[in-house]
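Chains, contacts and geometry: an overview
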Amino acid sequence: MTELANKVAIVTGGSAGIGFGIAQRLASEGARVVIADINEAAGHQAVAALGANASFWRTDVADQQQLRDLVDHVAADCGRLDIMINNAGIGGANHPRLLDDDLSDFHQVMAIDLLGVMAGTREAARVMQENGGGSIVNISSIGGINASAGNWTYHVAKSSVIMFTKCAAIDLGAMNIRVNAIAPGNIETEILGRSMGANLSPEKQAELAGSLRQFIISRQALKRQGKVEDIAEAVLFFVTDRSRYVTGTLLPVDGGLVAGTARSSGGVEGLRKQAQA
Ligand SMILES: NC(=O)c1ccc[n+]([C@@H]2O[C@H](COP(=O)([O-])OP(=O)(O)OC[C@H]3O[C@@H](n4cnc5c(N)ncnc54)[C@H](O)[C@@H]3O)[C@@H](O)[C@H]2O)c1
């Protein structure tokens, strides 16, 4: 398929997880994809899996100069930039109670999850304006919409990504640059286990993530695990002409989690049955 033939895309955090899924989908539609990530080993593996249309550029999105160098490199190498996916993110430390959180990772989480998106948007727009426009997609989270305890700074960063996306959209629209956000929920990657089980072995982290996912699915409208491909399809909508009149929006891709909590066999229904018995 060639819906993105002759288009040039950057995917930050594209070495693994959702970013890799997005890179794969964009490449499958004929785009030239540059993966920008701090993980070089995984980045080179990703590029090998994607084939000749993909390349890797080591980038720490927390560093504005590195984002500038990345975009300059892509403009020089490919002559243009059409698509920017600001996806790189970390969960930060989990502290179930606010009183236990010393906020020691505040600056790191904000630098990657928020500043990286803001500077990535600005740098991409600088080049996109020269080629008549483009599409920028910022990856937020359902944690940017729904409040919950635990990853305090992450929630703040991800909700700010949504507001920034709207602000950027109303400014960059005059340059024919569209900016939209996606809020993933319960997508099968390593971020959950890493954030919730920071002190555990990788095996134990995977085990914990598995149990957490089952719990989340029990509260989800759609009773299945979200996949990176589910996010990639939404990205494809935003970066093609299918969404040509859409900017400044937020699309949750979450199996219905943001809509509300679905009934499970236990919960309120179980209590009602118990009372009737
Ligand atoms: N998986 C989910 O359920 C879920 C839910 C909501 C939001 N998200 C968001 O989706 C995005 C991708 O998450 P994921 O689940 O694929 O995580 P992941 O940990 O599997 O992948 C994240 C990628 O980002 C890279 N990265 C981390 N810090 C970076 C930095 N400073 N500069 C450049 N690259 C960096 C990592 O090396 C990795 O390749 C994140 O922004 C995350 O917050 C994920």
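Let me begin by describing the structure that accompanies this report. All values derive from a computational prediction rather than experimental measurement. (Residues numbered from 1 in each chain as written. Predicted model: local features only at pLDDT ≥ 70, side-chain atom pairs only at ≥ 80, totals over all residues. Heavy atoms only, no water.)

1. Some remarks on the site of the ligand
The condition that has to hold: Nearness is judged by heavy atoms alone; a residue qualifies as near a molecule or strand once a single heavy atom is within 4 Å of it. Within 3.5 Å is the distance limit for a polar contact, defined as a pair of N or O atoms, with the added protein rule that one can donate a hydrogen and the other accept it, and that residues adjacent in sequence qualify only through two side-chain atoms. Accessible surface area values rest on a Shrake-Rupley calculation with a 1.4 Å probe, where residue burial reflects the displayed protein chains alone. Put simply, DSSP H or I for four residues or longer makes a helix, DSSP E for two residues or longer makes a strand, and each gets a number counted from the N terminus. Put simply, Ala, Val, Leu, Ile, Met, Phe, Trp, Tyr, Cys and Pro go in the nonpolar bin, Asp, Glu, Lys and Arg in the charged bin, and everything else, Gly too, in the polar bin.
What surrounds the ligand is a group of 28 residues, the closest being Ile 18, Asp 37, Asn 87, Tyr 154 and Thr 189. Asn 87 places a main-chain nitrogen or oxygen 2.8 Å from an oxygen atom of the ligand. The protein chains hide 93% of the 840 Å² of surface that the ligand would expose on its own. When contributions to the shell around the ligand are tallied by element, the ones reaching two or more residues are α1 (17-28), α5 (152-172) and α6 (191-196). Residue classes in the shell around the ligand are distributed as 12 nonpolar, 11 polar and 5 charged.

2. Remarks on the sheet that holds strand β7 (residues 250-253)
Rules: Paired strands, in this sense, are two strands between which DSSP finds at least two bridges. Here the axes come from fitting lines to C-alpha atoms, over the contacting stretch only for helices, and the angles between their N-to-C directions go from 0 to 180 degrees. We call two residues in contact whenever any of their non-hydrogen atoms come within 4.5 Å of each other.
As summarised here, the arrangement of the 7 strands in space is β3-β2-β1-β4-β5-β6-β7, forming an open sheet in which the pairing is parallel. Whereas interior strands pair on both sides, the edge strands pair on one side only; in this sheet they are β3 (54-58) and β7. Each strand of the sheet is rotated relative to its neighbour by a mean of 20°, with strand direction disregarded. Summarising the sheet, strand β5 (residues 134-139) and strand β6 (residues 177-184) pair through 6 bridges and their orientation is parallel. Each residue of the ladder has a partner; that of Gly 134, found in β6, is Ile 177. Seen against the sheet, α5 touches β5, β6 and β7 and runs at an angle of roughly 165° to β6. Running at roughly 165° to β6, helix α8 (residues 228-239) makes contact with β4 (83-86), β5, β6 and β7 of the sheet.

3. Brief notes about α8
Within an α-helix, residues lying three or four positions from one another point in the same direction, as the helix has 3.6 residues per turn. Rules: Between the first and last residue of a helix there are one fewer steps than residues, each counted as 1.5 Å, and that sum is the expected span. Relative accessibility under 20% of the residue-type maximum defines a buried residue, over 50% an exposed one, and the middle range a partly exposed one, all with a 1.4 Å probe and only protein chains included.
For α8, spanning 12 residues, the distance from its first C-alpha to its last is 17 Å, which sits close to the expected 16 Å at 1.5 Å a residue. Along α8, the positions that sit buried rather than exposed are Val 228, Ile 231, Ala 232, Ala 234, Val 235, Leu 236, Phe 238 and Val 239. Contacts made by the buried residues of α8 are with α1, β4, β5, β6 and β7.

4. What to know about the side chain of Thr 12
Positionally, Thr 12 belongs in strand β1 (residues 8-12). Taking relative accessible area as the criterion, Thr 12 reaches 2% and is therefore assigned buried. A polar side-chain atom of Thr 12 sits 2.9 Å from the main-chain amide nitrogen of Asn 87. In terms of polar contacts, Thr 12 uses its side chain to reach the backbone amide nitrogen of Ala 88, at 3.0 Å.

5. Thoughts on the packing of α1 against helix α2 (residues 40-50)
Here is the rule: Each angle receives one of four descriptions, namely roughly parallel if under 35 degrees, roughly antiparallel if over 145, roughly perpendicular if within 65 to 115, and oblique otherwise. Helix crossings get a hand from a simple test, with the near helix turned counterclockwise from the far one by less than a right angle marking a left-handed crossing and a clockwise turn marking a right-handed one.
Interaxial distance between α1 and α2 falls to 10 Å at its minimum, and their mutual angle equals 25°. In terms of orientation, α1 and α2 fall into the roughly parallel class. Crossing handedness for the pair α1 and α2: right-handed. The residues of α2 that touch α1, namely those facing Phe 20, Ala 23 and Gln 24, are Ala 46, Ala 49 and Leu 50. Class assignment of the residues belonging to the contact of α1 with α2 gives a composition of 5 nonpolar, 1 polar and no charged.

6. Things to note about the pairing of β6
A large share of β6 lies buried, amounting to 8 of its 8 residues. Burial along β6 is two-sided: Ile 177, Val 179, Ala 181 and Ala 183 and Arg 178, Asn 180, Ile 182 and Pro 184, pointing in opposite directions, are all buried. Two strands pair when backbone bridges link them, and β6 and β7 are joined in this way by 4 bridges, in the parallel orientation. Following the sheet pairing, Ala 181 is matched in β7 by Leu 250.

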